[in-house]
Amino acid sequence: MKKKLIAGNWKMNGSLAANDKLLKDILAGLGQAACQMAVGVPAVYLSQCQALLAGTAIDLAAQDISAHEVGAYTGEISGAMLKEFGVRYVIVGHSERRQYHGETDEVVALKAQRALGCGITPIVCVGETLAEREAGKTDEVVKRQLAAVIHTNGHCISEVVVAYEPVWAIGTGKTATPEMAQQVHAVLRAQLKAASDHADRIKLLYGGSMNAANAASLLAQPDIDGGLIGGAALKAQDFLTIIAAAH
Ligand code: PGA
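In this report, we go over the structure that sits alongside the text. These numbers come from a predicted model, not from an experiment.

With respect to the site of the ligand
By nearness alone, 13 residues border the ligand, and Lys11, His94, Glu165, Gly171 and Ser209 come closest of all. Serine 209 is positioned such that a nitrogen or oxygen atom in its backbone is 2.7 Å from an oxygen atom of the ligand. For the ligand, the protein covers 95% of the area, taking 280 Å² as the surface of the free molecule. Residues that form the shell around the ligand fall into these classes: four nonpolar, seven polar and two charged.

See below:
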């Protein structure tokens, strides 16, 4: 059976001291986990976290990657640079990047391509806003976002992880019900099946106020293969509870 993936997204949180404590607390409480695990840390802390996680079962993730390979792109970080710090996953197309940094579906698709080219697994985020959901456009929006990634990446699409993150559920405490999430995951799975013979092995994560209390019921859905966790990933005990629910 496909292992689930629980990935933390720390966003712009942390400090040298806080990261040290959080990761040590998580590692101390981690038994034999049945799932795969990762933490997505701010780029400046990759080196610190790489050292703290060396030899453990928790992989390192970055929160963004440049769509370019190398050169005059001030402030950007390339896939090759991430790779040097042991990064296994990179979050691409998070709604906060789409919203605050103007990332289009095409840019997101190129970032996913760049990650795959460097041997890093992109965690491609898709999701509708509240207005889009209320207008009955959820399926149309997530399919459009995923279609761009499929179009650019061809048969490599089976190597990506997809995270369904309804924008209205992120950081708001409003979680999609397990049924609502499953419904969208089924739509995404069908779209991936049409594009790849290996769609069943693609991990589809749910993200958006997943927490210690609701993780088990979300993770029990047939097409939910893990979670992308924001706020609850900053609390060791909550993150551990979510990990324990992923089997
Ligand atoms: P949240 O964030 O769990 O705090 O809602 C999830 C995310 O944005 O990845």
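Following the structure, the description resumes.
Considerations on helix 5 (residues 105–117)
End to end, helix 5 covers 18 Å across 13 residues, agreeing with the expected 18 Å (1.5 Å per residue, within 8%). Within helix 5, burial applies to Asp105, Val108, Ala109, Lys111, Ala112 and Ala115. The buried residues of helix 5 all sit within an arc of 160° when viewed along its axis, so they share a single face. Facing away from the buried surface of helix 5 by more than 90 degrees, the exposed residues are Glu106 and Gly117. Where helix 5 is buried, its residues touch strand 4 (87–92), helix 4 (95–100), strand 5 (121–126) and helix 7 (138–153). Glycine 119, located one to two residues past helix 5, shows a positive phi value of around 75°.

Remarks on the side chain of threonine 121
Secondary-structure assignment places threonine 121 in strand 5. For threonine 121, a relative accessible area of 18% gives the class buried. If near-sequence neighbours (up to four positions away) are discounted, threonine 121 is found in contact with Arg88, Tyr89, Val90, Glu159, Val160 and Val161.

Focus on helix 10 (residues 236–245)
For helix 10, the complete set of buried residues consists of Ala236, Phe239, Leu240, Ile242, Ile243 and Ala245. Contact partners of the buried residues in helix 10: strand 1 (5–9), helix 1 (16–29), strand 2 (36–40), helix 9 (215–219) and strand 8 (226–229).

Observations concerning the layout of surface pockets
In this model, the largest pocket occupies a volume close to 670 Å³. Together, 24 residues line the largest pocket, and Ala43, Gln63, Asp64, Arg97 and His101 are the ones closest to its centre. Ranked by the residues each element gives to the lining of the largest pocket, the list is headed by helix 4, at three residues. Of the residues belonging to the lining of the largest pocket, the class tally is eleven nonpolar, seven polar and six charged.

With respect to the nonpolar core
Grouped together as the largest cluster of nonpolar side chains are 65 residues, with contacts concentrated most on Ile6, Val162, Leu188, Leu192 and Tyr206. The element contributing the most residues to this core is helix 10, with six residues. The contacts of tyrosine 206, once residues within four sequence positions are left out, are Tyr164, Pro166, Ala169, Thr175, Ala176, Ala181, His185, Leu218, Ile224, Gly226, Gly227 and Leu228.

Here we look at the packing of helix 5 against helix 7
Packing of helix 5 against helix 7 brings their axes to within 8 Å, and their N-to-C directions diverge by 45°. Judged on the interaxial angle alone, helix 7 and helix 5 are oblique. Classified by chirality, the crossing of helix 7 by helix 5 is right-handed. On helix 7, the residues that touch Asp105, Val108, Ala109, Leu110, Ala112, Gln113 and Leu116 of helix 5 are Arg144, Gln145, Ala148, Val149, Thr152 and Asn153.

Comments concerning the environment of lysine 83
Within the element layout of this structure, lysine 83 appears in helix 3 (residues 79–84). The sequence separation of lysine 83 and glycine 119 amounts to 36 residues, and the corresponding C-alpha distance is 7.8 Å. Aside from chain neighbours lying at most four places away, what touches lysine 83 is Cys118, Gly119 and Ile120.

So, the sheet that holds strand 8
With parallel pairing, the eight strands of this closed barrel are ordered in space as 1-2-3-4-5-6-7-8. Ignoring which end each strand starts from, the neighbouring axes of this sheet average 25° apart. For strand 3 (residues 58–62) and strand 4, the ladder comprises three bridges, and the chain directions are parallel. Looking across to strand 4, one finds that leucine 60 is bridged to valine 87. Along the sheet face, helix 2 (residues 46–53) touches strand 2, strand 3 and strand 4 and points at about 170° away from the line of strand 3. On the sheet, helix 7 packs against strand 5 and strand 6 (161–164) and is oriented at approximately 155° with respect to strand 5.

Thoughts on the pattern of salt bridges
Applying the stated criterion across every chain yields a total of 17 salt bridges. Taking the shortest distance from any N to any O, the salt bridge between arginine 97 and glutamate 103 comes out at 2.9 Å. The class for glutamate 103 is buried, based on a relative accessible area of 7%. A salt bridge links aspartate 223 to arginine 189, with the shortest nitrogen-to-oxygen separation between them at 2.9 Å. You can see aspartate 223 sitting in the loop between helix 9 and strand 8 and its partner arginine 189 sitting in helix 8 (residues 178–195), a full 34 residues away along the chain. As far as the burial class goes, aspartate 223 and arginine 189 line up, both buried. Here the residues in one salt-bridge network are Lys2, Arg189, Asp223 and Asp225, joined through shared partners.

Quick notes on the rules
- Residues numbered from 1 in each chain as written.
- Predicted model: local features only at pLDDT ≥ 70, side-chain atom pairs only at ≥ 80, totals over all residues.
- Heavy atoms only, no water.
- Near = heavy atom within 4 Å.
- Polar contact = N/O pair within 3.5 Å; in protein donor to acceptor, adjacent residues only side chain to side chain.
- Areas by Shrake-Rupley, 256 points an atom, 1.4 Å probe, with all protein chains shown as cover.
- Nonpolar A, V, L, I, M, F, W, Y, C, P; charged D, E, K, R; others polar.
- Helix = DSSP H or I, 4+ residues; strand = E, 2+ residues; numbered from the N terminus.
- Expected span 1.5 Å × (residues − 1).
- Buried < 20%, exposed > 50% of the residue type's maximum accessible area, 1.4 Å probe, protein only.
- Arc of directions from axis to C-beta.
- Contact = heavy atoms within 4.5 Å.
- 1 Å grid on protein atoms, 1.4 Å probe; cavity = no way out; pocket = protein on both sides within 12 Å on 5 of 7 lines; lining within 4 Å.
- Points joined across faces, edges and corners; volume = space filled by probe spheres on them.
- Core = buried A, V, L, I, M, F, W, Y, C linked by side-chain atoms within 4.5 Å.
- Axes fitted to C-alpha atoms, helices over the stretch in contact; angles between N-to-C directions.
- Parallel < 35°, antiparallel > 145°, perpendicular 65-115°, else oblique.
- Left-handed = near helix turned anticlockwise from the far one by under 90°.
- Pairing = 2+ DSSP bridges.
- Salt bridge = Lys/Arg side-chain N within 4 Å of Asp/Glu carboxyl O.

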